[in-house]
Amino acid sequence: MEKTTSGWINGFIGVAIFAGSLPATRAAVADFDPTFLTCARATIAALLGLALLIGLRQRRPERADLRPLALTALGCVVGFPLFTALALQHITSAHSIVFIGLLPICTAVFAVLRGGERPRAVFWLFSILGSAFVIGYAALDGIQASLQGDLLMLAAIVVCGLGYVEGAGLSRKLGGWQVISWALVLSLPIMLPLGLLTLPASFGHVSAPAWIGFVYVSVFSMLIGFVFWYRGLAQGGIAAVGQLQLLQPFMGLGLAALLLHETVSWLMLIVTFGAVACVAGAKRFST
């Protein structure tokens, strides 16, 4: 019971950190190229992770660990950051944040397919209901938004769900921060050269909000958030704790309104509160 509670607490902290990712990315892509931003944030986080691994003398992953580490890197280091950065050139962070409500069911599906978990039937009811709020919102609000942006966000959700499950499963063996650190290091030989190739000729045009967003996604979104998130998933169950992601839109919308002065409609709030209710139901019937 204590381990499960600890898992939910760690998961909540991770979600709270991730809630700032899309507003921060939105601020960063105003002045940074999306490809450069994706590569640079991964490179910075990888160097920090490598320093931690060396400084704390962590053992190297075994050969069997390389496949899940590669999938974690593909989903969380490359796929999600790149797709969201591209999407946020076409849609607001407030619009994109609501799509995060699809992450819990996506994560739960991969937890069954890849992690061998078996949640109760009622759990799926609440999970599907929460996703339905998001899909309904996209259908109503997406008419005035960008189809390209919405499709990019959906792609980001799928690869992120896969990366979450692969990383969470491996964190039971290697540890939470060790998994994301090794995944970042694994991607470094690709991300560093690409970052140098897409390096801007000058940084003089970059505004202070863009720099703040850049630092946030590089340190908090890419590394620190995963320390808590993977620990939470490993302790409390991937499918169950993954439902906390339904709270992320609520936090993110508040940040988008507060920091970016974006409009948060009543429809967004209704969808978000509906998702919060589904989290409570999913937690109650997760096992």
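Calculation criteria
Residues numbered from 1 in each chain as written. Predicted model: local features only at pLDDT ≥ 70, side-chain atom pairs only at ≥ 80, totals over all residues. Heavy atoms only, no water. Helix = DSSP H or I, 4+ residues; strand = E, 2+ residues; numbered from the N terminus. Rg over C-alpha atoms; globule rule 2.2 N^0.38 Å. Buried < 20%, exposed > 50% of the residue type's maximum accessible area, 1.4 Å probe, protein only. Contact = heavy atoms within 4.5 Å. Areas by Shrake-Rupley, 256 points an atom, 1.4 Å probe, with all protein chains shown as cover. Lys, Arg positive; Asp, Glu negative; His and termini not counted. Charge placed at Lys NZ, Arg CZ, Asp CG, Glu CD. Core = buried A, V, L, I, M, F, W, Y, C linked by side-chain atoms within 4.5 Å. Phe/Tyr/Trp six-rings, centres within 6.5 Å; stacked < 30°, edge-to-face > 60°. Expected span 1.5 Å × (residues − 1). Polar contact = N/O pair within 3.5 Å; in protein donor to acceptor, adjacent residues only side chain to side chain. Axes fitted to C-alpha atoms, helices over the stretch in contact; angles between N-to-C directions. Parallel < 35°, antiparallel > 145°, perpendicular 65-115°, else oblique. Nonpolar A, V, L, I, M, F, W, Y, C, P; charged D, E, K, R; others polar. Left-handed = near helix turned anticlockwise from the far one by under 90°. Salt bridge = Lys/Arg side-chain N within 4 Å of Asp/Glu carboxyl O.

Peer 1: Before we go on, may I ask you to explain the overall build of the protein in this structure?
Peer 2: Helix and strand counts for the protein come out as 13 helices and zero strands. For the protein, the α and β elements follow one another from N to C terminus as α-α-α-α-α-α-α-α-α-α-α-α-α. The C-alpha radius of gyration of the protein comes to 18 Å, within 12% of the 19 Å expected for a compact globule of 287 residues. Expressed along its principal axes, the backbone C-alpha trace of the protein runs to roughly 55 × 50 × 25 Å. Burial statistics for the protein: of 287 residues in total, 55% are counted as buried. Once local pairs closer than 6 in sequence are excluded, the contacts in the protein between residues at least 24 apart make up 91%. Approximately 12,400 Å² of the protein is accessible, and the part contributed by carbon and sulfur atoms is 70%. Across the protein, 16 positive and 10 negative side-chain charges occur, with their mean positions spaced 13 Å apart.

Peer 1: Explain the nonpolar core here, please?
Peer 2: The nonpolar side chains of soluble globular proteins are, as a tendency, buried together. Judged by nonpolar contacts, the single largest core of 77 residues is most densely connected at Tyr164, Phe226, Trp229 and Tyr230. The dominant element in this core, judged by the number of residues it contributes, is helix 8 (residues 147–174), at eleven residues. If near-sequence neighbours (up to four positions away) are discounted, Tyr230 is found in contact with Thr72, Cys76, Gly163, Tyr164, Gly167, Ala168, Ser171, Gly176, Val179 and Ile180.

Peer 1: So what exactly am I meant to see when it comes to the packing of aromatic side chains here?
Peer 2: The description of an aromatic ring pair uses the distance of the two centres, along with the angle that the planes make with each other. Taken as a whole, this structure holds 15 aromatic pairs when the rule is applied. Here the aromatic rings of Phe36 and Phe203 are separated by 6.3 Å at their centres, their planes lie at 50°, and the arrangement is tilted. Remark: Phe203 occurs in the loop between helix 9 (176–197) and helix 10 (208–236) and Phe36 occurs in helix 3 (residues 34–55); sequence separation between them is 167 residues. On the accessibility criterion, Phe36 (6% relative accessible area) is buried. Through successive ring pairs, a cluster of aromatic residues spans Phe18, Tyr164, Phe226, Trp229 and Tyr230.

Peer 1: Got a minute to help me understand helix 8 in this structure?
Peer 2: Spacing of three or four residues puts side chains on the same side of an α-helix, whose turn is 3.6 residues. Across its 28 residues, helix 8 extends 40 Å between first and last C-alpha, which sits within 8% of the 40 Å expected from 1.5 Å per residue. Looking one or two residues beyond helix 8, the residue adopting positive phi is Gly175, at roughly 105°.

Peer 1: Help me understand the side chain of Ser218, please; the structure alone is not making it clear to me.
Peer 2: Along the chain, Ser218 turns up in helix 10. Accessibility expressed as a relative area gives 1% for Ser218, which makes it buried. Engagement of the side chain of Ser218 in a polar contact is seen with the backbone oxygen of Phe214, the distance being 2.7 Å. In this view, Ser218 contacts Arg41, Ile44 and Ala45; residues no more than four positions away in its chain are not counted.

Peer 1: Can you walk me through the packing of helix 4 (residues 66–87) against helix 9 in this structure?
Peer 2: Think of two packed helices as two axes; the pair is described by the angle between the axes and how far apart they sit. Where helix 4 meets helix 9, the axes come as close as 8 Å, and the angle between the chain directions of the two elements is 75°. Between helix 4 and helix 9, the angle falls in the class roughly perpendicular. When helix 4 is examined against helix 9, the residues Leu66, Leu69, Ala70, Thr72, Ala73, Val77 and Val78 are found in contact with a partner set consisting of Val179, Ile180, Trp182, Ala183, Leu184, Leu186, Ser187 and Met191. Per-class residue counts for the contact of helix 4 with helix 9 are 13 nonpolar, two polar and no charged.

Peer 1: In this structure, what is going on with the packing of helix 2 (residues 21–28) against helix 10? I would like to understand it.
Peer 2: As a packed pair, helix 2 and helix 10 sit with axes 7 Å apart at the nearest point and diverge in direction by 140°. Taken together, helix 2 and helix 10 sit at an angle that is classed as oblique. Two packed elements cross with a definite hand, and for helix 2 against helix 10 that hand is left-handed. Two secondary-structure elements touch here, helix 2 through Ser21, Ala24, Thr25, Ala27 and Ala28 and helix 10 through Pro209, Ala210, Gly213, Phe214, Tyr216, Val217 and Ser221. When its residues are assigned to classes, the contact of helix 2 with helix 10 shows eight nonpolar, four polar and no charged.

Peer 1: Where do I start with the environment of Ala256 in this structure?
Peer 2: Its location among the elements puts Ala256 in helix 12 (residues 248–259). Residues Ala256 and Lys173, spaced 83 residues apart in sequence, show a C-alpha to C-alpha distance of 37 Å.

Peer 1: Can you help me understand unusual backbone geometry in this one?
Peer 2: Both trends apply: most residues other than glycine have a negative phi, and most peptide bonds are in trans. Phi angles above zero are rare outside glycine, and Arg57 is one such case at about 55°. Position of Arg57 among the secondary structure elements: in the loop between helix 3 and helix 4. Since its relative accessible area comes to 78%, Arg57 is described here as exposed.

Peer 1: Any chance you could explain the pattern of salt bridges here in plain terms?
Peer 2: A side chain with one charge may pair with a side chain of the opposite charge, provided their charged atoms come close. By the definition in use, this model includes two salt bridges. Between Lys173 and Glu62 there is a salt bridge, with its nearest N and O atoms 3.1 Å apart. In this pair, Lys173 is assigned in helix 8 and Glu62 in the loop between helix 3 and helix 4, connecting sequence segments 111 residues apart. Accessibility expressed as a relative area gives 43% for Glu62, which makes it partly exposed. Given the relative accessible area of 39%, Lys173 is considered partly exposed.

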